[in-house]
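Summary of structural features
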Amino acid sequence: MSPGFSYLHDPHSTGHVIATVRTLMRTDGLHVSLAAIARSCGTSRNFLYANWKSATALHLLALRTELAHAFDKAQRTCPSDGTATGITHHLTEVARTIRRHPTTAAIARSSPGAFTTAHSVIEGPLVRVATERISDLLHPLSPHGGIWGDAALNTRPWKILWIARPTALCPEAAGNQAWEDTLDSVFAQLLQDLLTPWSTSP
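Cut-off values and rules
Note on numbering: residues in each chain are counted from 1, in written sequence order. Where local features are concerned, this predicted model is filtered to residues with pLDDT of at least 70; where side-chain atom pairs are given and counted, the filter is 80 or more; whole-chain, interface and lining totals use all residues. Excluded from the side-chain calculation are hydrogens and water; included are all heavy atoms of the structure. Counting from the N terminus, the helices are DSSP H or I runs at least four residues long and the strands are E runs at least two residues long. Any residue under 20% of the maximum accessible area for its type is buried, any over 50% is exposed, and the rest in between are partly exposed; the area is computed with a 1.4 Å probe on protein chains only. Working rule for contacts: check all heavy atoms of both residues, and any pair within 4.5 Å makes them a contact. For the area figures, the Shrake-Rupley method with a 1.4 Å probe applies, and any residue is considered shielded solely by the protein chains shown. The charge count treats Lys and Arg as positive and Asp and Glu as negative. His and the chain ends do not count. To locate a charge, take NZ of a lysine, CZ of an arginine, CG of an aspartate or CD of a glutamate. Working convention: axes come from line fits to C-alpha atoms, limited for helices to the stretch in contact. Angles between N-to-C directions cover 0 to 180 degrees. Orientation is classified from the angle alone, with under 35 degrees giving roughly parallel, over 145 giving roughly antiparallel, 65 to 115 giving roughly perpendicular, and any other angle giving oblique. Helix crossings get a hand from a simple test, with the near helix turned counterclockwise from the far one by less than a right angle marking a left-handed crossing and a clockwise turn marking a right-handed one. Amino acids outside the nonpolar list (Ala, Val, Leu, Ile, Met, Phe, Trp, Tyr, Cys, Pro) and the charged list (Asp, Glu, Lys, Arg) are all regarded as polar, and Gly is one of them. When a carboxyl oxygen of Asp or Glu lies within 4 Å of a side-chain nitrogen of Lys or Arg, that pair is called a salt bridge.

**A closer look at the overall build of the protein chain**
A tally of helices and strands in the protein chain yields 12 helices and zero strands. Going from the N terminus to the C terminus, the protein chain shows its helices and strands as α-α-α-α-α-α-α-α-α-α-α-α. For the C-alpha atoms alone, the extent of the protein chain along its principal axes is close to 60 × 35 × 30 Å. Expressed as a percentage of its 202 residues, the buried residues of the protein chain come to 45%. Taking as baseline every contact in the protein chain between residues at least 6 positions apart, the subset at least 24 positions apart corresponds to 65%. Summing over all exposed atoms, the protein chain offers an accessible surface of approximately 10,500 Å²; the carbon and sulfur share of this is 59%. Put simply, the protein chain has 17 plus and 15 minus side-chain charges, and the middle of one group is 7 Å from the middle of the other.

**Quick word on the packing of helix α5 (residues 55-77) against helix α6 (residues 84-100)**
Look at α5 against α6: their axes get within 9 Å of each other, and the N-to-C directions meet at 130 degrees. Here α5 lies oblique to α6, going by the angle between them. For the crossing formed where α5 meets α6, the hand is right-handed. Between α5 and α6, the residues in contact are L67, A70, F71, K73, A74, Q75 and T77 and H90, L91, E93, V94, T97 and I98, respectively.

**Points about the packing of α6 against helix α11 (residues 156-168)**
At their nearest, the axes of α6 and α11 sit 8 Å apart, and the two run at 40 degrees to each other. The angle between α6 and α11 places the two elements in the oblique class. In the packing of α6 onto α11, the handedness of the crossing is right-handed. Contact residues: α6 offers L91, A95, I98 and R99, while α11 offers I160, T167 and A168. Class assignment of the residues belonging to the contact of α6 with α11 gives a composition of five nonpolar, one polar and one charged.

**Focus: the pattern of salt bridges**
A full pass over the atoms with the stated rule returns eight salt bridges. Notably, a salt bridge pairs D72 with R133, separated by 2.7 Å at the nearest N-O pair. One end of the pair, D72, is in helix α5; the other, R133, is in helix α9 (residues 125-138), and 61 residues separate them in sequence. Taking the shortest distance from any N to any O, the salt bridge between D184 and R99 comes out at 2.7 Å. In this pair, D184 sits in helix α12 (residues 177-195) while R99 sits in helix α6, placing the two residues 85 residues apart along the sequence. The pair formed by D184 and R99 is uniform in burial state, with each residue classed as buried. A cluster of three or more residues bridged by salt bridges with shared partners is formed by E93, R96, R99, R100, E180 and D184.

Below you can see the structure in the form of structure tokens.
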């Protein structure tokens, strides 16, 4: 048995716990309880509480993992080449991945208030993860110092996140090709407008 296999299936490992929460949230969203997580992990609520304090803390870790996974998946299927056009295609794929993810639909269904808040929240761990990942993608647009060396470019990660959320957090469009194409097209156009000063395209 490989170390990786042991780690992922050890009921006391962080990897196994977070993987279990991710699976449960695809059906029950934010309604996944500490008891349900413990039962599915094959461990106890006391162990989970001692290490993570609450189901909410585990939900957040799972959502951060899902968000990072969306960027990584987009990198595999539609990698950015560091140009404004490449970044636009890549981020459109990220938004599409989040929109189609079963956890997005499950949270919209199970916790409509929290889902509505997600459209406009201005700070928090998920916002930080998203803006950091977007910032990393934008660095090649300014070869001398990245976004930190370009005051205007440094404002773009937050602006991009703001226009991306209505596109990504629209699970009801998933599977409706015309609706999804419209969302992707509008997002891509807005993103191109934001990145025009750094575009090398004619």
